[in-house]
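What follows is the residue order along each chain.
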Amino acid sequence: MYIIDIQFNIKFALCVLYFSMERSDMVRIAVTGAAGRMGKSIINVIKDTAGAELAGAVERYDHPNIGKDEGEILGCGKLGVKITENFEKVIKKADCVIDFTLPEATMHYLDIALENDVAMVIGTTGFSHQQRERLKEVGSKMKIVAAPNMSVGVNLLLKVVSDIAKVLDSSYDVEIVEAHHRLKKDAPSGTAMRFAEVLAYSLNRNLEKVAVYERHGIIGERKSEEIGIQTIRAGDIVGDHTIIFGGLGERIEITHRAQSRETFARGAVRAAMWLVKQPKGLYDMQDVLGLK
Ligand code: NAD
């Protein structure tokens, strides 16, 4: 009887150890903006990602889906995670937060993530200069990945267009055209602005001085140093970006088209899984994808 008891206790202890090891390997991810277009897509990816676990789903306090099971709004049956406005409670159970909301909401959650020493992947776009400075400041004290576009393709293109710009001389005019769905709130897109920053840097130009966001009326001849950034909003376009290098007698056009939000969602979850293993710092998708 005594021997059986010891054997049982050892088996039980091994079982507890096994499961606690299994769980400590899981990356627990909380999602803010959980009922939004990106939030839902991200939760779908987390659900199918080995080693990732949904730690919580957060929405603004007056969202009609507060209190509902996240699975119900995804249409995949119950997930056992209710949508809540209580970020302070959710963050205690998380290793990382993925945030695709609005700039003000992101800045609020950033402060709480910092207090709780929890990593944060930020996909939200449209930050002001001041908000971007705050991100940089906080970046030395916690783990952050912030990128206006989390797709592999766009991040590869950021590198490619920089290389092209360095080879072509200033007789090639640089224009960026972006198109998004009618519900997008900020313009130009964060991705178009990232392309513009990378191109200005590669061409040794000051973006604030050379960016041209709209043309209308008798505008005169185009100045060679201009970097044009043009915006289209229509229907349900997920996200298109074209970079034009226009020379005399030829032009290069490079286009990226996102066909579904899943590409951004996969990038965001990949970033979260990567970020939790990194030292504190402010990273972007180029770091996550090893493109630097
Ligand atoms: P959306 O409007 O569908 O979703 C945003 C969600 O955030 C909404 O459900 C809204 O209720 C919620 N929200 C607002 N305030 C909140 C708060 N205080 N707390 C919690 N939730 C709050 O928009 P979307 O298309 O999902 O895009 C969200 C953001 O992500 C935008 O800034 C967009 O430009 C950006 N985005 C980035 C990428 C990328 O790859 N980085 C890709 C697509 C979209």
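All values reported here derive from a predicted model rather than from experimental measurement.

Let us now look at helix 7 (residues 152-167). Along its 16 residues, helix 7 runs 23 Å from first to last C-alpha, staying within 8% of the 22 Å computed at 1.5 Å per residue. Along helix 7, the residues classified as buried are Val154, Asn155, Leu157, Leu158, Val161, Ser162, Ile164 and Ala165.

All right, on to the side chain of Asp240 then. One can find Asp240 in strand 10 (residues 239-246). Residue class for Asp240 comes out buried when judged on its relative accessible area of 16%. Separated by 3.0 Å, the side chains of Asp240 and Arg257 make a polar contact. Discounting chain neighbours no more than four positions away, the residues touching Asp240 are Val177, Glu178, Ala179, His256, Arg257 and Ala258.

Our next topic: the domain arrangement of the protein. Domain parsing of the protein yields domain 1 (2-146 + 262-288) and domain 2 (152-258). Contact with domain 1, which involves 11 residues of that partner, is made by 13 residues of domain 2. Interface area for domain 1 against domain 2, summed over the two sides, is near 860 Å², with a carbon-plus-sulfur share of 47%. Where domain 1 packs against domain 2, one counts 1 salt bridge. Of the charged contacts in the structure, one is a salt bridge between Glu197 and Arg132, with a shortest N-O distance of 2.7 Å. Counting only elements with at least two residues in the side of domain 1 that touches domain 2, the list comes to helix 10 (262-275) and helix 11 (285-288). For the side of domain 1 that touches domain 2, a count of residues per class yields 3 nonpolar, 4 polar and 4 charged.

The sheet built from 5 strands is open, its strands ordered 8-9-7-10-11 with mixed pairing. Among the strands making up the open sheet, the edge pair consists of strand 8 (211-212) and strand 11 (251-258). The sheet contact formed by strand 7 (residues 173-180) and strand 9 (residues 227-233) spans 7 bridges and is parallel. When the sheet's bridge partners are listed, His180 is paired in strand 9 with Arg233. Against the sheet, helix 7 makes contact with strand 10 and strand 11, and its axis sits at roughly 170° relative to strand 11, the strand it touches most.

In this section: helix 6 (residues 129-138). Residues of helix 6 that are buried include every one of Gln131, Leu135 and Val138, and no others. With its buried residues spanning 75° around the axis, helix 6 presents them on a single face. Structural note: helix 6 exposes His129, Gln130 and Lys136 on the side pointing more than 90 degrees away from its buried face. Each element contacted by the buried residues of helix 6 is listed here: helix 5 (103-116), strand 5 (119-122), strand 6 (143-146) and strand 12 (281-283).

Moving on, we come to the nonpolar core. Counting 39 residues, the largest nonpolar core has Ile29, Ile42, Ile98, Val121 and Val145 as the members making the most contacts within it. Going through the elements one at a time, strand 1 (27-32), helix 2 (37-47), strand 2 (52-58), strand 4 (96-99), strand 5, helix 10 and helix 11 are the ones with two or more residues in this core. With 9 residues, helix 10 is the single largest residue contributor to this core. Filtering out sequence-adjacent residues up to four positions away, Ile42 remains in contact with Val31, Ile98, Phe100, Ala265, Ala268 and Val269.

This next bit is on the site of the ligand. Near the ligand there are 24 residues, and of these Met38, Glu59, Tyr109, Thr125 and Met150 occur at the shortest range. In this structure, an oxygen atom belonging to the ligand sits 2.9 Å away from a main-chain N or O atom of Arg37. Burial of the ligand by the protein amounts to 85% of the accessible area it has alone, namely 860 Å². Where the shell around the ligand is concerned, the elements lending two or more residues are helix 2 and helix 5. For the shell around the ligand, the per-class residue count stands at 10 nonpolar, 8 polar and 6 charged. Here the shell around the ligand spans two domains, and each of domain 1 (2-146 + 262-288) and domain 2 (152-258) adds at least three residues to it.

Criteria and cut-off values
- Residues numbered from 1 in each chain as written.
- Predicted model: local features only at pLDDT ≥ 70, side-chain atom pairs only at ≥ 80, totals over all residues.
- Heavy atoms only, no water.
- Helix = DSSP H or I, 4+ residues; strand = E, 2+ residues; numbered from the N terminus.
- Expected span 1.5 Å × (residues − 1).
- Buried < 20%, exposed > 50% of the residue type's maximum accessible area, 1.4 Å probe, protein only.
- Polar contact = N/O pair within 3.5 Å; in protein donor to acceptor, adjacent residues only side chain to side chain.
- Contact = heavy atoms within 4.5 Å.
- Domains from an automatic or database assignment.
- Buried area = accessible area lost by both parts, 1.4 Å probe.
- Salt bridge = Lys/Arg side-chain N within 4 Å of Asp/Glu carboxyl O.
- Nonpolar A, V, L, I, M, F, W, Y, C, P; charged D, E, K, R; others polar.
- Pairing = 2+ DSSP bridges.
- Axes fitted to C-alpha atoms, helices over the stretch in contact; angles between N-to-C directions.
- Arc of directions from axis to C-beta.
- Core = buried A, V, L, I, M, F, W, Y, C linked by side-chain atoms within 4.5 Å.
- Near = heavy atom within 4 Å.
- Areas by Shrake-Rupley, 256 points an atom, 1.4 Å probe, with all protein chains shown as cover.

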